[in-house]
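Listed below, chain by chain, are the residues.
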Amino acid sequence: MSEIKEIFITSDKIKTDDYVINMGPQHPSTHGVLRLLIKLEGEIVLNVEPHIGYIHSGIEKMCESLAYNQIVHLTDRMDYLSAHMNNEAVCLCVENALQIEVPDRVKYIRTIMDELMRISSHQLWWSAYGMDMGATTCFFYGLRDREYILDIFEDTFGARLTLNYNTPGGVMFDIKPDFQKKVKDFIKYFRNKLPEYDQLLSGNIIFTERTKGVGILSLEDTIAYGVTGPSGRAAGFSCDVRKHHPYSAYPFVKFEEMLDTTGDTYARYTCRIREMWESMNIIEQLIDNIPEGDYALKMKGVVKLPEGQYYQRVETSKGDFGVFIESDGKKNPYRVKFRSPGFSNMFALNKMAKGLKIADLVAIMGALDLVMPDIDR
Amino acid sequence: MTNEELIEYLIQQFPEATVVQGTQFVEMTVMPESLLESAQKLKSANETSFDYLICLTGVDYPESIGIVYHIESTKLGHAMVLKVKTANREEPVIETLTPVWQGAKYHEREVFDLLGVKFNNHTDLRRLFLEDDWGFPLRKDYVDDVRIIER
Amino acid sequence: MGFNLYDFTTFTHNLHIWFLENMSPGLATTVEWVIVGVLYIAFVALLGLFLIWAERRVCAIFQQRLGPNRVGPFGLIQTIADFIKLMMKEIVTPRKVDKYLYNLAPYIVICCLFLTLGAIPFAPGLQGLDFDIGVFYLSAVSSISVIGILLAGWSSNNKYSLIGGIRSGAQIISYELSVAMSLITMVILAGTMSFSGIVEGQRDLWFIFKGHIPAVIAFVVFLIAGTAETNRGPFDLPEAESELTAGFHTEYSGIKFALFYLAEFLNMFVVSAVAATVFLGGWMPLHFGGFEGFNHVMDMIPPFVWFFLKSFGLVFVLMWFKWTFPRLRVDQILTLEWKYLLPINLFNILLMATVVLTKFHF
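Let me begin by describing the structure that accompanies this report. For every chain, the first residue of the written sequence is number 1, and numbering continues from 1 onward in sequence order. Key to labels: chains lettered from A, ligands numbered from 1, both in the order written. A pLDDT threshold of at least 70 governs which residues receive local features in this predicted model, and a stricter bar of 80 or more applies before side-chain atom pairs are shown or counted, although totals over entire chains, interfaces and linings include all residues.

## Remarks on the overall build of chain A
In step 1: Secondary structure elements follow DSSP: runs of H or I of four or more residues count as helices, runs of E of two or more count as strands, with numbering from the N terminus. Of the regular secondary structure elements, chain A holds 16 helices and eight strands.
In step 2: The C-alpha atoms of chain A give a radius of gyration of 23 Å, which matches the 21 Å a tight globule of 377 residues would have.
In step 3: Each principal axis of the C-alpha atoms in chain A carries an extent, and together these give about 90 × 50 × 35 Å.
In step 4: Counting other C-beta atoms within 10 Å of a residue's own tells you its class, since 20 or more makes it buried, 12 or fewer makes it exposed, and anything in between is partly exposed; those C-beta atoms are placed from the backbone. Within chain A, buried positions represent 51% of all 377 residues.
In step 5: Contact between two residues is assigned when their C-beta atoms, built from the backbone, lie within 7 Å. In chain A, 71% of the contacts between residues at least 6 apart in sequence involve partners at least 24 apart. Here the globule rule is a power law, 2.2 Å times the number of residues to the power 0.38, and the radius of gyration is based on C-alpha atoms.

So this is what it looks like as structure tokens:
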């Protein structure tokens, strides 16, 4: 009798199982192939464990058997929404290792394309995020505006997503004569449309209730986990590579780094929207002043880097992307490693989502802007 | 600190380590036994305060497996490279640096997965991308008839 | 004031007499039941087709694209094509489901739908059931759908369905309170619970104008609570979970899924129809107290046109909500009800009672 009483009073004697839910590799939303094992207690999340590797393609191993200008083509497929910036990272690494300076025209073109790619990546993020939150109309608005940028890309490069425009020493072809006019038209158009995004989603009280105060990551944790990009800047981590270690044409432009202090999902959201405005400012400063000149340097057919280790960082739309090349003097690199921003961003998810509800988990994941091929490589 | 000042400081603070100026950053190579202590000192010292681990890479050298840490200080703005080489290639074992930089936990899992380096005191050393019975693909002697085509 | 709105009671009365003359009373009653049943089923089917087509076109306009416009003129036959496809689909029953409950759930939801539709007046005399306690009956009967949803969630042997079903059940039970209370507010103003009495009472002015402030508050609360009742719009976390799967009806396919889908759209129509009846006058044209000429002009439009115009207007408003707003989290949904709507409702009832007692209305 006393044992029975004991069991009912101290409930830790009763054996309970954990309720584990699987948000499987196939998602209705556009996160990519990510598997989350969520341990729940009712509606509260106790533990989130990401399982990745569904799209691991062995890019780093493949690079060890390719020449340096062939590596560029593989980097498109990693974070495909900022393909141009990935390409640029490899090209800059090789150019800095060979200590060659590309013409100014190349720098301006690369930076303008960078910023256009950043806007298009943030547009897709916004569309998918709105759809995750339930406001399906956002999907159509964001993609409608993104088509203008993709048309510009198609005119110049011939491709919309996997661009392959950069090459060590310059770019593949010159820009068309009507490029400047098209970009200026787009900027004028988009400046009118971006306030619509705020009206539809950012100002909505349902949205702010779901994102303010949700998924807070403190500044120390942000730096400890290495969360960069707009997700990191939302907590006050000043990590913009364009500011601290400028490359290409960034030394010639004036722009601000979008920082916030709260570190919650709403701050990450607004940092990205403000980045879109800032990107348009950068493009406007550069678009009228593209210097004349060559669009590529004459490079040897086979590029061989001197021995040593080289590291190059660029700021993609997700964060701090790094290329580490270790060369032993041959025509193929000895080791190539890509430091992907999504990898570090994603593993802070457990810290952010503990103690919140499943619906909050979706909000947090959306604001982190994860692209799985970037994480899995 | 500039690279020269950093070299002087490191030579003074870490007498057993090899400090050399690489192509971009100062590169410091330590012994595996003193890795954790060096990392902690680099993070906590006020002159260096390296609190941001940029990148953790595993490289397969002929005699051992090397691990390269790119670290940066958010307060002071300088960066450097910390390198360590395991004792041998067959049983590579290294101390984990998760107590120093929390993000290293998952980078180390990746190195364990792709190169086979075991990390001591790692709380959750499992494979990250691949299945449990796969080999270690990033090693130079990895042979896979099905998936790798040699030219 | 005289008016010449066609009253269906003469027609039904004559039909009833004709039946009684030609058959025994029992058979006459049975034949009448069968006719009414068939009419309702046809109505539900047609209305379902129309509403699903309308939803797709309306949502396409909001998203600046075209909706279905190939199958038939303006894409009207699209829904028929979709239903033919759904009926030809293989009905997959997962293993280890509770077969009896699994098969029962969609039918409970549909039965509840028919029961609620029966009480709504479409035109003078054209009403399935004319109780004295119409409003009370409606509140009681619309609660039956909760059972269907909970059974669907439980019997599917699937964790997500269970979560979805329980969330949905909690949401519906909470918002029933708000629905019932806002209806009670208008019953206080009307003085009667029967639907035909409520519509008759709006002969000189619609209740939403008559009861000014408390009626407008009740209208807004009713629309919000009604949307939540039908798991639509910003309250569709249990069902449209883009994070997990389709909620409580994940494991249903083919005709059973079609029944849930149809029930959702028609419940939306029922909510709009009840709102139109109680707040906007039902089939009563827009009359203003002393303006005889204006009233005569308004009477020229037949009453069932008025009814459908108002109902479809409110259906459009409900669709507008769904495609504009993001979703509320489930604890925010419940907070909205228990901490905000319920006190507002209680206060509103007091306010309306004061207004009626002091005759401070039009």
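On we go.
## A few points about the packing of helix α7 (residues 159-190) of chain C against helix α10 (residues 212-229) of chain C
Residues and elements named next belong to chain C.
In step 1: Axis separation between α7 and α10 bottoms out at 8 Å; the angle between their running directions is 155°. Between α7 and α10, the crossing angle belongs to the class labelled roughly antiparallel. Considering how the two elements wind past one another, α7 and α10 form a crossing that is left-handed. Taken together, the residues of α10 that come into contact with α7 (itself represented by Gln171, Ile172, Tyr175, Glu176, Ser178, Val179, Ser182, Thr185, Met186 and Leu189) are Pro214, Ala215, Ala218, Val221, Phe222, Ala225, Gly226, Ala228 and Glu229.
In step 2: Any residue that is not Ala, Val, Leu, Ile, Met, Phe, Trp, Tyr, Cys, Pro, Asp, Glu, Lys or Arg is counted as polar, Gly included; the first ten are nonpolar and the last four charged. When the residues that make up the contact of α7 with α10 are grouped by side-chain class, the tally is twelve nonpolar, five polar and two charged. Every angle, taken between N-to-C directions, lies between 0 and 180 degrees, and every axis is a line fitted to C-alpha atoms, over only the stretch in contact when it is a helix. Should an angle fall under 35 degrees it is taken as roughly parallel, and over 145 as roughly antiparallel, whereas 65 to 115 is taken as roughly perpendicular and any remaining angle as oblique. By definition, any crossing whose near helix is turned counterclockwise from its far helix by less than a right angle is left-handed, and any crossing with a clockwise turn is right-handed.

## Some details on the interface of chain A and chain C
In step 1: Facing the 24 residues of chain A at the interface are 20 residues of chain C.
In step 2: For the side of chain A that touches chain C, the elements supplying multiple residues, two or more each, are β1 (19-23), α5 (104-133), α6 (137-157), α8 (205-211) and α15 (358-368) of chain A.
In step 3: Tallied by class, residues from the side of chain A that touches chain C come to 13 nonpolar, six polar and five charged.

## Considering the sheet that holds strand β2 (residues 35-41) of chain A
Residues and elements named next belong to chain A.
In step 1: A pair of strands counts as paired when DSSP detects no fewer than two bridges linking them. Across the sheet, which stays open at both edges, the three strands sit in the order β1-β2-β3 with antiparallel pairing between neighbours. On the outer flanks of this sheet lie β1 and β3 (44-51), each paired with one strand and no other. Within this sheet the neighbouring strands show an average axis-to-axis angle of 25°, counted without direction.
In step 2: In this sheet, β3 lies alongside β2 in antiparallel orientation, the contact comprising seven bridges. Bridged to isoleucine 38 within β3 is valine 48.

## Overview of helix α11 (residues 255-278) of chain C
In step 1: In this model, α11 of chain C (24 residues) spans 34 Å end to end at C-alpha, consistent with the 34 Å of a helix rising 1.5 Å per residue.
In step 2: Among the 24 residues in α11 of chain C, 20 count as buried, and that is most of the element. Here the expected length of a helix is defined as 1.5 Å per residue gap, with one fewer gap than residues.

## Quick word on the sheet that holds strand β7 (residues 320-327) of chain A
Residue and element names in this part refer to chain A.
In step 1: Spatially, β6-β7-β8 is the arrangement adopted by the three strands of the open sheet, whose pairing is antiparallel. A single partner strand is all that each edge strand has here, and the edge strands are β6 (308-315) and β8 (335-339). For this sheet, the mean angle separating the axes of adjacent strands, direction not counted, is 10°.
In step 2: Sheet analysis places β6 next to β7, joined by eight bridges and oriented antiparallel. The partner of glutamine 309 across the bridge, within β7, is glutamate 326.
In step 3: Sheet strands in contact with helix α4 (residues 83-98) are β6 and β7, and its direction is about 145° off that of β6.

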